[in-house]
Amino acid sequence: AVDSLSVQAVGVPVADPEQIKLAEQRQKLARKEKSGEAQSAQDELKRTAEEFGRGNLVHDKGEKNIVAAEALPNIHVSEDLAEKDTQAHHATYSSISQPELIDKLLADEELQRISMDAAFDQFDIDHNKKLDVEETKLLVARVCVETGVGVPEDEKIGKMFNKFDVVERDGFLDRNEFPAFFKAFLGSMQKEHKKLNPW
C-alpha cells in the first residue's frame, strides 16, 4: 500500500477529504440552484399561460388597461355581457412573444390545459358551466387582441363554435367540447402569426 506522504513526494497531490466534501457540497448547491431557476421559469410560464387564457396579457410594461369589451373589433355582444367582461379583466405584462407563447401552448399539454381551464372559467361569465356563442366571441376577441392577430367576424366565430358544439348541439360548449375548440383556435392563431411573419 502507498501512503499519502510517499505519493506527495512523487508530485501527485493527495486530495484532502475536507476539500472533496466542500467541492461536492458546492456542486450539489449549484445543481439545486439551477433546478430552482428552471422551476421558477416553468412556474412563470404556467402563470403566463393562465393569464393568456383569461385574455389579460399585455406586452408593453407601461400598459395598464385592457380594451373594453365594446371596443373589441368585429364583436357584437349584449351591453350587460360586455360590461361584466370588461370588469373581470386586468392587465398582466408578459415578455414572452405571442408566437412563442402560442407555440409553447400547442407543444405542451399541461400548459394548454392551464390556459384552457383559465379561459373557460374567465369567459363563463354567467357561471352556468358552459360557454354560449357570445361568451365564446369575447374569448376569441380578447385572445386575438392580446396576441396581435386580427379578430374574426362574428359569423366566422359562430361557424367555428357550431363545428365544436357536437355532443348535445345545444348552443353551448361544455367542458368536454371546449378543449377541441380551444386547440383549434390556438392552431388558427399560429397560422395567422405565420402569415404575418413568414420567416
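This is a predicted model, so every value here is computed, not measured. (Residues numbered from 1 in each chain as written. Predicted model: local features only at pLDDT ≥ 70, side-chain atom pairs only at ≥ 80, totals over all residues. Heavy atoms only, no water.)

Enquirer: Would you mind going over the overall build of the protein chain with me for this structure?
Expert: When you go through the protein chain residue by residue, the secondary structure sums to 8 helices and 4 strands. Along the chain direction, N to C, the helices and strands of the protein chain fall in the order α-α-β-α-β-α-α-β-α-α-β-α. Against the 2.2 N^0.38 benchmark of 16 Å for 199 residues, the protein chain shows a C-alpha radius of gyration of 26 Å, more extended than a compact globule. Expressed along its principal axes, the backbone C-alpha trace of the protein chain runs to roughly 90 × 40 × 35 Å. For the protein chain, the distance from the average site of its 27 positive side-chain charges to the average site of its 39 negative ones is 5 Å. (Helix = DSSP H or I, 4+ residues; strand = E, 2+ residues; numbered from the N terminus. Rg over C-alpha atoms; globule rule 2.2 N^0.38 Å. Lys, Arg positive; Asp, Glu negative; His and termini not counted. Charge placed at Lys NZ, Arg CZ, Asp CG, Glu CD.)

Enquirer: Whenever I open this one, the pattern of salt bridges confuses me. Can you help?
Expert: Close approach of charged atoms lets side chains of opposite charge pair. All told, the structure shown has 13 salt bridges when counted by the stated rule. A salt bridge links R54 to E50; the shortest N-O distance between them is 2.8 Å. Separated by 4 residues within a single helix, R54 and E50 lie in helix 2 (residues 17-54), roughly one turn from each other. On the basis of relative accessible area, E50 is assigned to the partly exposed category, the value being 27%. Bridged by salt links that share partners, the residues R113, D117, D121 and R175 form one connected network. (Salt bridge = Lys/Arg side-chain N within 4 Å of Asp/Glu carboxyl O. Buried < 20%, exposed > 50% of the residue type's maximum accessible area, 1.4 Å probe, protein only.)

Enquirer: How should the nonpolar core be read in this particular structure?
Expert: The tendency in soluble globular proteins is for nonpolar side chains to be buried as a group. F52, L138, L139, F178, F181, F185 and M189 are the most contacted members of the largest nonpolar core, which has 40 residues in total. Setting aside its immediate chain neighbours within four residues, F181 contacts T136, V140, M160, F161, F164 and L173. (Core = buried A, V, L, I, M, F, W, Y, C linked by side-chain atoms within 4.5 Å. Contact = heavy atoms within 4.5 Å.)

Enquirer: Teacher, can you tell me more about the packing of aromatic side chains here?
Expert: To describe a pair of aromatic rings, one takes the distance between the centres and the angle between the planes. On inspection of all chains with the given rule, the structure shows 5 aromatic pairs. Where F164 meets F181, the ring centres are 6.0 Å apart and the plane angle is 85 degrees; that geometry is what we call edge-to-face. On the criterion of sequence distance, the pair formed by F164 in helix 7 (residues 154-164) and F181 in helix 8 (residues 178-196) is long-range, its members being 17 residues apart. The buried category is assigned to F164, whose relative accessible area is 14%. Ring centres of F181 and F185 lie 6.3 Å apart, and the angle between their planes is 20 degrees; on these two criteria the pair is classed as stacked. (Phe/Tyr/Trp six-rings, centres within 6.5 Å; stacked < 30°, edge-to-face > 60°.)

Enquirer: How should unusual backbone geometry be read in this particular structure?
Expert: A positive phi angle is found at H127, which is not glycine, with a value near 55 degrees. Note on placement: H127 falls in the loop between helix 5 (109-123) and strand 3 (131-132). The class of H127 is exposed, set by a relative accessible area of 64%. Even without a glycine there, the phi angle at K129 is positive, about 65 degrees.

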